[in-house]
Amino acid sequence: PLYTFDELIEASGIGEEDVGKTVQSLSMGKPTQRILVRQPAVFWPRSPGQALPHHLPTLPRVPSVNRRDQFFVNDAFTSKLFRIKIASIVDPKANSTAARPGKSVEPELPDQLTDDRKHEVECAVVRVMKARKTLDHSSLVMQVAEQVAKRFIPTPALIKQRIEALIERDYLVRDNKDPRIYSYVS
């Protein structure tokens with residue numbers, strides 16, 4: 001059966017903006033990955049019972065869903081995977097500096113908060129190393145992350161940067177044989 005955009009809003013009980021993003025994600029991906037097929041009223045008419053062609057026609061790139069567009073389930077859609085991933089549509093109007101899908105963007109933090117976090121991580125590194133005396137890099141990063149996790153979630157890059165700063169200030173030294181192992185300097 002064909003569903004209009006308004007019917008999808010009414011049936012789902014979800015807000016118009018959210019339904020629009022979801023319908024875009026389901027219908028405007030690669031032709032082989034479309035779970036819903038969008039049928040603009042003027043582009044290519046199709047009756048609901050008619051089988052889809054092997055290669056779905058490429059629809060013009062439309063940034064948003066038109067209220068008069070109709071949608072139907074792509075019966076030809078198949079996947080070898082048990083669980084499929086659906087790419088989300090990024091709204092170009094939302095933020096020009098938005099990350100690409102799959103990339104994360106860290107929010108800009110005030111300088112005072114950034115400095116406080118650096119000191120917090122350094123203190124955690126020193127506490128762990130005082131207790132352990134010698135530790136490899138991955139274990140140290142894990143233990144420091146566990147210690148400061150109640151306050152914030154540090155990135156491994158931040159922890160590594162703070163370890164390097166402590167080495168420069170002679171709180172820690174690298175092992176001569178294996179540079180991945182650190183020792184605490186008392």
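Coordinates for the structure precede this section.
Residues numbered from 1 in each chain as written. Predicted model: local features only at pLDDT ≥ 70, side-chain atom pairs only at ≥ 80, totals over all residues. Heavy atoms only, no water.

Enquirer: Quick one: what's the story with a negative patch on the surface, residue by residue and with numbers?
Expert: Side chains of E108, D111, D115 and D116 sit close together on the surface and give a patch of like negative charge. Relative to the helices and strands, D115 is located in helix α3 (residues 111-132). Accessibility expressed as a relative area gives 35% for D115, which makes it partly exposed. (Patch = residues over 30% accessible without salt bridge, like charges linked within 9 Å, V, L, I, M, F, W, Y side chains within 5 Å. Areas by Shrake-Rupley, 256 points an atom, 1.4 Å probe, with all protein chains shown as cover. Salt bridge = Lys/Arg side-chain N within 4 Å of Asp/Glu carboxyl O. Lys, Arg positive; Asp, Glu negative; His and termini not counted. Charge placed at Lys NZ, Arg CZ, Asp CG, Glu CD. Helix = DSSP H or I, 4+ residues; strand = E, 2+ residues; numbered from the N terminus. Buried < 20%, exposed > 50% of the residue type's maximum accessible area, 1.4 Å probe, protein only.)

Enquirer: Which residues make up the sheet that holds strand β2 (residues 36-39), and what values do they have?
Expert: Spatially, the three strands line up as an open sheet ordered β1-β3-β2, and their pairing is antiparallel. A strand with exactly one partner marks an edge of an open sheet, and here the two such strands are β1 (3-4) and β2. Summarising the sheet, β2 and strand β3 (residues 70-73) pair through four bridges and their orientation is antiparallel. Across the sheet, Q39 pairs through a bridge with Q70, a residue of β3. (Pairing = 2+ DSSP bridges.)

Enquirer: Could you give me a rundown of the pattern of salt bridges, with the residues and numbers involved?
Expert: Enumeration over the complete set of coordinates arrives at seven salt bridges. Linking E17 and K21 is a salt bridge whose minimum nitrogen-to-oxygen distance equals 3.5 Å. Residue E17 and its partner K21 are both found in helix α2 (residues 16-27); the two are separated by four residues, about one turn of the helix. When its relative accessible area of 57% is taken as the criterion, E17 is described as exposed. Classification of K21 by relative accessible area gives partly exposed; the value is 37%. Its salt-bridge partner being E164, residue R174 comes within 2.2 Å of it at the nearest N-O pair. With a gap of 10 residues between them, R174 in strand β5 (residues 172-174) and E164 in helix α5 (residues 156-168) connect regions that are remote in the sequence. According to the relative accessible area criterion, E164 is partly exposed, its value standing at 26%.

Enquirer: Any details on the nonpolar core? Residues and values, ideally.
Expert: Counting residues in each nonpolar core, the largest one holds 20 residues, and the members touching the most others are V121, V125, M129, L140, V144, I163 and L172. Taken together, the elements giving at least two residues each to this core come down to α3, α4 (137-148), α5 and β6 (181-184). No other element matches α3, which puts six residues into this core. Those residues in contact with V144, other than ones at most four positions away along the chain, are V121, A124, V125, V128 and I159. With eight residues, the next largest nonpolar core counts F5, I9, V19 and V23 among its residues. (Core = buried A, V, L, I, M, F, W, Y, C linked by side-chain atoms within 4.5 Å. Contact = heavy atoms within 4.5 Å.)

Enquirer: Run through the packing of helix α1 (residues 5-12) against α2, naming residues and quoting values.
Expert: Close contact between α1 and α2 brings their axes to 10 Å; oriented N to C, the two are set at 115°. In terms of their interaxial angle, α1 and α2 are classed as roughly perpendicular. With respect to the hand of their crossing, α1 and α2 are arranged in right-handed fashion. Within the contact between the two elements, α1 uses F5, L8, I9 and S12 and α2 uses E16, V19, G20 and V23. The class makeup of the residues in the contact of α1 with α2 is five nonpolar, two polar and one charged. (Axes fitted to C-alpha atoms, helices over the stretch in contact; angles between N-to-C directions. Parallel < 35°, antiparallel > 145°, perpendicular 65-115°, else oblique. Left-handed = near helix turned anticlockwise from the far one by under 90°. Nonpolar A, V, L, I, M, F, W, Y, C, P; charged D, E, K, R; others polar.)

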